[in-house]
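Understanding the architecture of this molecule
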Amino acid sequence: MKNNIFRAILAVITAISLPLLISDKSMAKEMPPNLVIKSMYAGVAKIYGYNAVPRIYKPIRSGSNTGCGAMAPGNAIYCQIDHSIYITTDMVRMAYQYGDAALAYVVGHEYAHAMQNAYQFNSNNGSISELQADCLAGFYMAAVPNLVFDNQDIQEIRAFAYSLGDNNVWSQDHHGTPLQRVQAVTIGLGATNILACKI
Ligand SMILES: [Zn+2]
């Protein structure tokens, strides 16, 4: 994943005919977690015109206190009580097993919960809300003006979404099956209008 400014600079360099000196490895350089979080967060806030911006904290340890109680291991949440997003360092580690874009997806998903609430975009609850948050996360990633997601990033996002799916369809914590989660984020990634995620 790249900041847009890098893409512009790269385009200029490439135009000055040095493409062979830019290795694939440097193209695929991963952004560090705090920059991914900051960039996604700023980009999504811009999409909404900086309205109803939730607070976000740097990654915290599992078990840390939040406005919604202690963080469960390896989790990320949007807490409605203090209108804040919390992501554990374990979750960051899990995401980076796939890549930087997987963390952008997590930020987008939690930001989506805040916006479902603020904009009453949420016509249901449980796994339907979760899949809608996946769709919105995809839409955000496609729409944020300051980040560029390449094909590898898209694969990271889809693989991570698949891994986060569960088959506990009767559980209160059911977030959608692996396939449903991939489908939902893919719909968002291909959407040109946020209404594509309206359920
Ligand atoms: Zn969720």
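The numbers attached to residues start from 1 for each chain and follow its sequence in the written order. With pLDDT at 70 or above as the cut-off, local features in this predicted model cover only qualifying residues; side-chain atom pairs require 80 or more to be listed or tallied, and sums for whole chains, interfaces and linings still use all residues. Hydrogens are left out, water is left out, and the side-chain values use all remaining heavy atoms of the structure.

Okay, the side chain of Thr-177 next. Mapping Thr-177 onto the fold places it in the loop between helix 7 (151-164) and helix 8 (178-189). Here Thr-177 falls in the buried class, since its relative accessible area comes to 18%. Should any heavy atoms of two residues lie within 4.5 Å, those residues are considered in contact. The residues touching Thr-177, leaving out its near neighbours within four places in the chain, are Gly-165, Asp-166 and Asn-167. Put simply, DSSP marks the helices as runs of H or I at least four residues long and the strands as runs of E at least two long, and each gets a number from the N terminus on. Burial classification: accessible surface area is computed with a 1.4 Å probe over protein chains only, and a residue below 20% of its type maximum counts as buried, one above 50% as exposed, and the rest as partly exposed.

It is worth spelling out the packing of aromatic side chains at this point. The aromatic pairing rule takes the rings of Phe, Tyr and Trp, using the six-membered ring of Trp, and pairs them if the centres are within 6.5 Å, calling planes under 30 degrees apart stacked, those over 60 edge-to-face and the rest tilted. One pass over the structure, following the stated rule, counts eight aromatic pairs. Measuring from ring centre to ring centre gives 5.1 Å for Tyr-98 and Phe-160, while their planes differ by 45 degrees; the resulting arrangement is tilted. Placement of Tyr-98 in the loop between helix 4 (89-96) and helix 5 (100-118) and of Phe-160 in helix 7 is noted, with a sequence separation of 62 residues between them. Ring geometry for Phe-139 versus Tyr-140: centroids 6.4 Å apart, planes at 65 degrees, classification edge-to-face. Of the two residues examined, Phe-139 and Tyr-140, each falls in the buried class. Here the aromatic cluster, defined as three or more aromatic residues joined through ring pairs, consists of Tyr-41, Tyr-48, Tyr-111, Tyr-119, Phe-139 and Tyr-140. The criterion for a charge sitting over a ring is simple: Lys NZ or Arg CZ within 6 Å of the ring centre, and within 35 degrees of the ring normal. Against the face of Phe-121 rests Lys-198, its NZ or CZ located 4.7 Å from the ring centre.

Let us now look at the coordination of the zinc ion. With water excluded from the atoms, a metal site may look incomplete; its donors are any N, O or S atoms within 2.8 Å, or within 3.2 Å for Na, K and Ca. Bound to the zinc ion on the protein side are His-109 (NE2), His-113 (NE2) and Glu-130 (OE), at distances that span 1.9 to 2.1 Å. On the primary sequence, the residues serving as donors to the zinc ion are separated as H-x3-H-x16-E. Remark: Glu-130 occurs in helix 6 (residues 127-143) and His-109 occurs in helix 5; sequence separation between them is 21 residues. What makes His-109 buried here is its relative accessible area of 5%.

Another point: the pairing of strand 6 (residues 84-87). Each regular strand carries side chains that alternate between the two faces of the sheet. The two faces of strand 6 match: Ser-84 and Tyr-86 on one face and Ile-85 and Ile-87 on the other face are all buried. A pair of strands is treated as paired once DSSP finds two or more bridges between them. Pairing of strand 2 (residues 55-56) with strand 6, which is carried by two bridges, proceeds in the parallel orientation. Bridge pairing in strand 6 links Ile-56 to Ile-85. Sheet topology note: the strand 5 (residues 76-79)/strand 6 ladder contains four bridges and is antiparallel.

Helical periodicity: at 3.6 residues per turn, an α-helix aligns residues three or four positions apart in one direction. Multiply 1.5 Å by the residue count of a helix minus one, and that product is the helix's expected span. Between its terminal C-alpha atoms helix 3 (residues 33-47) stretches 21 Å, which fits the 21 Å expected from 15 residues at 1.5 Å a residue. Listed as buried for helix 3 are Val-36, Ile-37, Ser-39, Met-40, Tyr-41, Gly-43, Val-44 and Ala-45. Just beyond helix 3, the residue with positive phi is Gly-49, at close to 65 degrees.

The term disulfide is used for any two cysteine sulfur atoms that are within 2.5 Å. Summed over the entire model, instances satisfying the criterion amount to two disulfides. Note that Cys-68 is cross-linked by a disulfide to Cys-79, the S-S spacing being 2.0 Å. Handedness here is read from the sign of the S-S torsion; for Cys-68 and Cys-79, about 85 degrees, the answer is right-handed. Note that Cys-68 is positioned in the loop between strand 3 (65-66) and strand 4 (69-70) and Cys-79 in strand 5, a separation of eleven residues in sequence. For Cys-135, the disulfide goes to Cys-197, at an S-S distance of 2.1 Å. In this structure, the disulfide formed by Cys-135 and Cys-197 twists by about -80 degrees around the S-S bond and is classed as left-handed. On the criterion of sequence distance, the pair formed by Cys-135 in helix 6 and Cys-197 in the segment after helix 8 is long-range, its members being 62 residues apart. Looking at Cys-197, the relative accessible area reads 2%, which means it is buried. The connectivity of the disulfide bonds within the chain can be written as 1-2, 3-4, using the sequence rank of each bonded cysteine.

In short, geometric facts, not functional conclusions.
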